[in-house]
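In case you want the letters, here they are:
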Amino acid sequence: MSSFLGIEIAKKALFANQRAQQTVSHNVSNANTPGYSRQRVILESTHTAYGMGVNWQMGTGVKISDVDRIRDDFTDRQFRNENSGLGQWDIQSNILKQVEAVFNEPSDIGISSVLNEFWKGWETLSKDASSQEARETVKERGITLANTINHAFTQLDDIINDINYRISIKVNEINSIARQVSKLNLQIQQTEIGGASAADLKDKRDLLLDQLSDLVQFESYEDENGIFTINVGGAILVKGGDSANMEFDTSVKNGKVTWKEYSSDVRILKGELKGLRELRDDKLQKYIDQLDTFTEVFVKKFNEIHAKGFNLDGQDGINFFEYTGGVLSVDPEIVNNPSKIAAAQDENGIPSDNRIALELADFRNKIIEIDGRNCTIDEYYGALISKIGVDSQEATRAADSQAFMVSQLNERRQMTSSVSLDEEMTKMIQYLHGYNAASRIVTTIDEMLETVVNRMGITGR
């Protein structure tokens, strides 16, 4: 009887070592698979058999109790939290570089340079108020200035449209990931109910969670009933096999991200979605408002001086610029006839009177009130460019800092979860020896049974 028990023990050892060897092969084959966590076979002894009528016990072999997925949940949570911060700052850094390129300061084609050429044109006109050539230059440089400022407005508006498009894409990605995770939850639940390991399915789910963390900050947990839940800003995105949906209002430029099921705004704390919305509603809108204030005050104050002057036709009250509907342009009368440019302060001094031209040329140095500040028009514009540069540098520094933290945490995760080929080769040899030893036991017991069945009782015949 014990011989048959010995064969059973050896058979269990063969199966256990064979299954362990398959797990090693699975690890090796997935050594370069993104998101894969190495697996480890957990071996344990089977129940003990007791001798009949005597006080002794006997082992009955080995079995695989489980296949563990080597994963550090705490580091995973840290990684995803910091990765959300990286997504937020990285996307802001990239877009703010585009904003810097819009103003392109300092350069020969930036607003500062074009504005400087405009002032030079007025200085030239002030030296000869009767010069048609100088007036033509002032007109053309005024048109160039208007076009340059309008182009900046257009490009900033295009960036906002691009941000809204990106937000809509990110919302769709979040909804897609939520649906995939909910399906995986069901598959994992069904697999584990059947007694099998769902390690590979959990790896797929964790990889999706890593992708989700780049888009939005969330919390994930598994309750006492084994139901996996994802919570975004206090609202449930995924619970078991169910998932909610986010919606984005594309009909307005400052559209909000809302929950379809809960009819409320999504509370976004970190991630690319947070970075895009913050950039659109706070930073970019402030840049546009400041550029609008700059243009509006500049036009108003400049026109006040120009309108009190007289042109070569003896007319006064003509504005040099028009700024309506967010579009800057040179007055059509001046565009059609540069003689309409006012340079004289006294009608009787035409055409040699240059006092208005001098005052306009010196306007760049005049202290005026802009947005609650007393400064020159150039200083106000310079402060805007400085603010954009500071915001861009801050975003870049924050993105670099977050990237370093994410890299360190990911390295720590890899040390825990990634496959070490050297370690797997060692286990392969270990399980091979275990398998060979178990097969040798079967052979030995077979030889013992051969002796009992075929050779016992025939000695001396």
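Residues numbered from 1 in each chain as written. Predicted model: local features only at pLDDT ≥ 70, side-chain atom pairs only at ≥ 80, totals over all residues. Heavy atoms only, no water.

Let's shift gears to the overall build of the chain. Regarding its fold elements, the chain presents ten helices and 14 strands. Compactness check: the chain gives a C-alpha radius of gyration of 39 Å against a globular reference of 23 Å for 461 residues, more than 25% above the reference. Summarising its shape, the C-alpha atoms of the chain cover approximately 155 × 45 × 35 Å along the three principal directions. Looking at the chain as a whole, 42% of its 461 residues are labelled buried. A separation of at least 24 residues holds for 68% of the contacts in the chain among residues at least 6 apart in sequence. Element-wise, carbon and sulfur atoms account for 49% of the exposed surface of the chain, whose accessible area totals about 23,900 Å². (Helix = DSSP H or I, 4+ residues; strand = E, 2+ residues; numbered from the N terminus. Rg over C-alpha atoms; globule rule 2.2 N^0.38 Å. Buried < 20%, exposed > 50% of the residue type's maximum accessible area, 1.4 Å probe, protein only. Contact = heavy atoms within 4.5 Å. Areas by Shrake-Rupley, 256 points an atom, 1.4 Å probe, with all protein chains shown as cover.)

Right, let's talk about the side chain of asparagine 185 for a bit. For asparagine 185, the location among the structural elements is in helix H4 (residues 132-193). Side-chain polar atoms of asparagine 185 contact the backbone oxygen of glycine 240, separated by 2.7 Å. Apart from the residues lying within four places of it in its own chain, the contact partners of asparagine 185 are Arg205, Phe228, Val238 and Gly240. (Polar contact = N/O pair within 3.5 Å; in protein donor to acceptor, adjacent residues only side chain to side chain.)

Glancing now at the pattern of salt bridges. Within this structure, the stated rule accounts for 28 salt bridges. Measuring nitrogen to oxygen at the nearest pair gives 2.9 Å for the salt bridge that ties arginine 413 to aspartate 76. Of this pair, arginine 413 sits in helix H9 (residues 377-417) while aspartate 76 sits in helix H2 (residues 73-103), placing them 337 residues apart in sequence. One exposure class covers both arginine 413 and aspartate 76, and it is buried. (Salt bridge = Lys/Arg side-chain N within 4 Å of Asp/Glu carboxyl O.)

Let us now look at the packing of helix H3 (residues 111-127) against helix H6 (residues 272-307). The geometry of H3 relative to H6 is characterised by a closest axis approach of 15 Å and an angle of 5° between their N-to-C directions. When the axis of H3 is compared with that of H6, the two are roughly parallel. In this structure, H3 contributes Ile111, Leu115, Phe118, Trp119 and Trp122 to the contact, and H6 contributes Leu291, Phe294, Phe298, Phe302 and His306. Its residues assigned to classes, the contact of H3 with H6 shows nine nonpolar, one polar and no charged. (Axes fitted to C-alpha atoms, helices over the stretch in contact; angles between N-to-C directions. Parallel < 35°, antiparallel > 145°, perpendicular 65-115°, else oblique. Nonpolar A, V, L, I, M, F, W, Y, C, P; charged D, E, K, R; others polar.)

Attention now moves to the pairing of strand S12 (residues 327-330). Going residue by residue along S12, you find Leu328 and Val330 tucked away on one face and Val327 and Ser329 left uncovered on the opposite face. With four bridges joining them, strand S11 (residues 321-324) and S12 adopt antiparallel strand pairing. Within S12, the position partnered with phenylalanine 321 by the bridge is valine 330. Between S11 and S12, which pair antiparallel one after the other, the connecting turn spans two residues, and glycine 325 there sits at a positive phi close to 60°. (Pairing = 2+ DSSP bridges.)

Turning our attention to the nonpolar core. Nonpolar side chains in soluble globular proteins tend to be buried together. Of all hydrophobic cores here, the largest spans 94 residues; its most connected members are Phe103, Phe118, Trp122 and Phe298. Take this core: its biggest share by element is 19 residues, from H4. If sequence neighbours within four positions are ignored, phenylalanine 103 has contacts with Gly110, Ile111, Leu156, Leu291, Tyr381, Leu384, Ile385 and Ile388. (Core = buried A, V, L, I, M, F, W, Y, C linked by side-chain atoms within 4.5 Å.)

The next point concerns unusual backbone geometry. For serine 263, which is not glycine, the phi torsion reads 50° and is therefore positive. On the secondary structure map, serine 263 appears in the loop between strand S10 (257-259) and H6. Judged by its relative accessible area of 68%, serine 263 is exposed. Phi at aspartate 371 is positive, roughly 55°, even though this residue is not glycine. Position of aspartate 371 relative to the elements: it lies in the loop between strand S13 (368-370) and strand S14 (373-375). With a relative accessible area of 56%, aspartate 371 lands in the exposed category.

Where strand S5 (residues 219-222) meets strand S6 (residues 228-232), four bridges bridge the pair, whose relative direction is antiparallel. Following the sheet pairing, serine 220 is matched in S6 by isoleucine 230. Counted between consecutive antiparallel strands, the loop separating S5 from S6 contains five residues, among which glycine 226 sits at a positive phi close to 80°.

Turning to the environment of glycine 382, a few remarks are in order. Mapped onto the fold, glycine 382 is located in helix H9. For glycine 382 and alanine 198, which are 184 residues apart along the polypeptide, the C-alpha to C-alpha distance reads 60 Å.

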